[in-house]
Amino acid sequence: MAAPHAPRTDDWWRDAVIYQVYPRSFADGDGDGTGDLAGVRARLPYLAELGVDAVWFTPWYASPLVDGGYDVADYRTIDPAFGTLAEAEKLIAEAAALDLRVIVDIVPNHVSDQHTWFQAALAAGPGSAERERFHFRPGRGENGELPPNNWPSQFSGPTWTRVPDGEWYLHLFTPEQPDLNWAHPEVRQEHEDVLRFWFERGVAGVRIDSAALLAKDPALADFEEGVDPHPYIDQDELHDIYRSWRAIADEYGGVFVGEVWLPDAERFARYLRPDELHTAFNFTFLSCPWEPGRLRRTIDDTLAEHAPVGAPATWVLCNHDVTRTVTRYGRDDTGFDFAAKRFGTPTDLALGSRRARAAALLTLALPGSVYLYQGEELGLPEAEIPLDRIQDPMHFRSGGTDPGRDGCRVPLPWEADAPYCGFGAGAVPWLPQPEDWAQYAVDRQSADAASMLALYRQALRLRRAEPGFGDGPMRWLPAEEGVLAFARPGGVICVVNLSAAPAGLPPHRELLLASGPLGADGTLPPDTAVWLRAADGA
Ligand code: GLC
């Protein structure tokens, strides 16, 4: 086992740039068509050179991979498709040697139907202690043929499945992901042990999947539109769970980032009280259209909701569940489409790419920490996956109307001229790469000073070098219509032109970085951002 690290008590997480690795699609070390830990280990120097501070791995545990690993069969082993626990330990140590911290993903709301607990519950039958770790109930209707309640699913489709002995079990996601009963002491104990298991192995943090869904109304009462509290979102008991988790994290100097989707800012901030989670993803920013007024309001609201609890904001443009940034920003409807992706939406990738470049500078200049999803630094667009290759259960549960999330999970292109763009040397990748993928390859972009990768490398280097970036205050500056301009401490200014006309730049003594070429007269073209050093005394 890798030597456990000394507890980290510094607050690196308040302004870290955290890179999300989707192991299945990052790099294939053993040539079987699926990304793996060997692939990640070989590419750690790439991440160190990119300039990120930490790496978050989506689930890498033993799993039937029905929902891309968010169906965990055993938290204490690595899925054989990805490698072994010994390799994960080596990876954590090798990452640490490169100053990269590791964050693992815990999925407490549910387990895989192949988990020993669920298998035992099925075998033990109605009324057994084994069933109490889940939500098993008799059905409604004369013969119990109707589901126990009307709860809406997080994916489309039903939330209850009937087993041969007649009982039904709850699953907010797919039937292969039965929900755990968080009122059961063994469920709590097990997760606390799992947290310790990974903190002991030197991970610096834990991402908590579906963090606001775990606790359920004990009566499992029907959901009624508009009636509070919701029977399974944001139940008050959750805070007690996260307080006990926080105590464990504090022993190890570990940190949490919660996946908390809540429209109510005050309810959201409760999860970030000083004795609960350190941070939570900011999905309001991700879902905000490319529109100056709404972006500014989102930034202001985010900072205002975090301030009272003293938590830093996180800024996220993309992850493994949403349409990739370049594609989203290249569409008329640039909003968020987790649940409503559409086939064949007209997209202007050149426009999307200009905006994504500008958005990168905006995001990296804001106060707090930033999440970067693998391939975002390459400007990958959302890929069209041929219907017969789609794997995401979301597609199937929508009756085939929703393309699902595979388009943002396509194996990365590393080398333009290698088979499968260098993802792996052997078998066909688990999801097909589009034919034009080579143009995005790391080697090609490394040789091009105007590439998205070059922009990210420079931006991350500057963000580290300039003490005014990261955590701390920001101040809006007067700007032309449709332009966002703000100053960070130490005289660094970020200006983003979201209008349709070129904009003037504020007085400055140095242009630090631009997301695209400036106009010949020194103006900032539409959909372009710059970092400036303010003129003396400004
Ligand atoms: C989260 C994950 C998503 C997964 C779901 C169920 O939203 O990000 O990928 O499908 O939880 O675990």
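The shown structure was predicted, so the numbers you read here are calculated from the model rather than taken from an experiment.

Here is what the cut-offs are and how they apply
- Residues numbered from 1 in each chain as written.
- Predicted model: local features only at pLDDT ≥ 70, side-chain atom pairs only at ≥ 80, totals over all residues.
- Heavy atoms only, no water.
- Domains from an automatic or database assignment.
- Axes fitted to C-alpha atoms, helices over the stretch in contact; angles between N-to-C directions.
- Helix = DSSP H or I, 4+ residues; strand = E, 2+ residues; numbered from the N terminus.
- Parallel < 35°, antiparallel > 145°, perpendicular 65-115°, else oblique.
- Left-handed = near helix turned anticlockwise from the far one by under 90°.
- Contact = heavy atoms within 4.5 Å.
- Nonpolar A, V, L, I, M, F, W, Y, C, P; charged D, E, K, R; others polar.
- Pairing = 2+ DSSP bridges.
- Expected span 1.5 Å × (residues − 1).
- Buried < 20%, exposed > 50% of the residue type's maximum accessible area, 1.4 Å probe, protein only.
- Near = heavy atom within 4 Å.
- Polar contact = N/O pair within 3.5 Å; in protein donor to acceptor, adjacent residues only side chain to side chain.
- Areas by Shrake-Rupley, 256 points an atom, 1.4 Å probe, with all protein chains shown as cover.
- 1 Å grid on protein atoms, 1.4 Å probe; cavity = no way out; pocket = protein on both sides within 12 Å on 5 of 7 lines; lining within 4 Å.
- Sits in = over half its atoms within 2 Å of the grid points.

Asker: Looking at this structure, how should I read the domain arrangement of the protein chain?
Answerer: Put simply, an interface is often sized by how much accessible area is lost when its parts join up. Domain annotation of the protein chain identifies domain 1 (116–170) and domain 2 (473–534). When each unit is reduced to the centre of its C-alpha atoms, the spacing between domain 1 and domain 2 is 56 Å.

Asker: Which parts of the structure should I look at to understand the packing of helix H2 (residues 37–50) against helix H3 (residues 85–97)?
Answerer: Orientation of H2 relative to H3, taken along the N-to-C sense of each, is 15°, at an axis distance of 10 Å. The angle between H2 and H3 falls in the class roughly parallel. Regarding H2 and H3, the two cross each other, and that crossing is left-handed. Two secondary-structure elements touch here, H2 through Leu37, Ala38, Val40, Arg41 and Leu44 and H3 through Glu87, Ala88, Lys90, Leu91, Glu94 and Ala95.

Asker: Could you clarify how one ought to interpret unusual backbone geometry in this entry?
Answerer: Leaving glycine out, the prevailing phi sign among residues is negative, and the prevailing peptide bond configuration is trans. Along the chain, aspartate 228 connects to proline 229 via a cis peptide bond; the corresponding omega equals -10°. Not every positive phi belongs to a glycine, and leucine 65 is a case in point at roughly 60°. The phi torsion at leucine 220 lies on the positive side, around 50°, for a residue other than glycine. Turning to its location among the elements, leucine 220 is positioned in the loop between strand S9 (205–208) and helix H6 (238–252).

Asker: Can you help me understand the packing of helix H11 (residues 349–365) against helix H14 (residues 452–465) in this one?
Answerer: Any two packed helices are characterised by how steeply their axes cross, that is the angle between the axes, and by the distance between the axes. Relative orientation of the contacting elements H11 and H14 amounts to 10°, with a least axis distance of 10 Å. With respect to their mutual orientation, H11 and H14 come out roughly parallel. Contacts between H11 and H14 involve Ser353, Ala356, Arg357, Ala360, Leu361 and Leu364 on the former and, on the latter, Met452, Leu455, Tyr456, Ala459, Leu460 and Arg463. Residue composition of the contact of H11 with H14, grouped by class: 9 nonpolar, 1 polar and 2 charged.

Asker: Help me out: how do you make sense of the sheet that holds strand S18 (residues 528–534) in this one?
Answerer: Paired through backbone hydrogen bonds, the strands of a sheet run either parallel or antiparallel to each other. Strand order across the open sheet formed by 5 strands is S14-S15-S16-S18-S17, with antiparallel pairing between neighbours. Strand pairing shows two members of the sheet lacking a second neighbour, strand S14 (475–476) and strand S17 (508–514), which therefore form its edges. As judged from the 5 bridges shared by S17 and S18, these two strands associate in the antiparallel manner. Directly across from histidine 508, in S18, lies its bridge partner alanine 534. Along the sheet, H11 contacts strand S15 (483–488), strand S16 (492–497), S17 and S18; its crossing angle with S18, the most-contacted strand, is approximately 40°.

Asker: Looking at this structure, I do not really get helix H5 (residues 185–200). What am I missing?
Answerer: Think of an α-helix as turning once every 3.6 residues; residues three or four places apart then point the same way. With 16 residues, H5 should reach 22 Å at 1.5 Å per residue; the first-to-last C-alpha distance of 22 Å fits that figure. Within H5, burial applies to Val187, Glu190, His191, Glu192, Val194, Leu195, Phe197, Trp198 and Phe199. Immediately beyond the C-terminal end of H5, within one or two residues, lies glycine 202, with a positive phi of roughly 90°.

Asker: Would you take a moment to explain the site of the ligand for this structure?
Answerer: Around the ligand there are 14 residues in total, and Asp67, Asp209, Glu259, His320 and Asp321 lie nearest to it. Interatomic distance of 2.8 Å between a side-chain N/O atom of aspartate 209 and an oxygen atom of the ligand. One of the side-chain N or O atoms of aspartate 321 is found 2.5 Å from an oxygen atom in the ligand. When the ligand sits alone it has 310 Å² of accessible area, and the protein chains cover 98% of it. Placement of the ligand is best described as lying within the largest pocket. Split into classes, the residues belonging to the shell around the ligand amount to 3 nonpolar, 4 polar and 7 charged.

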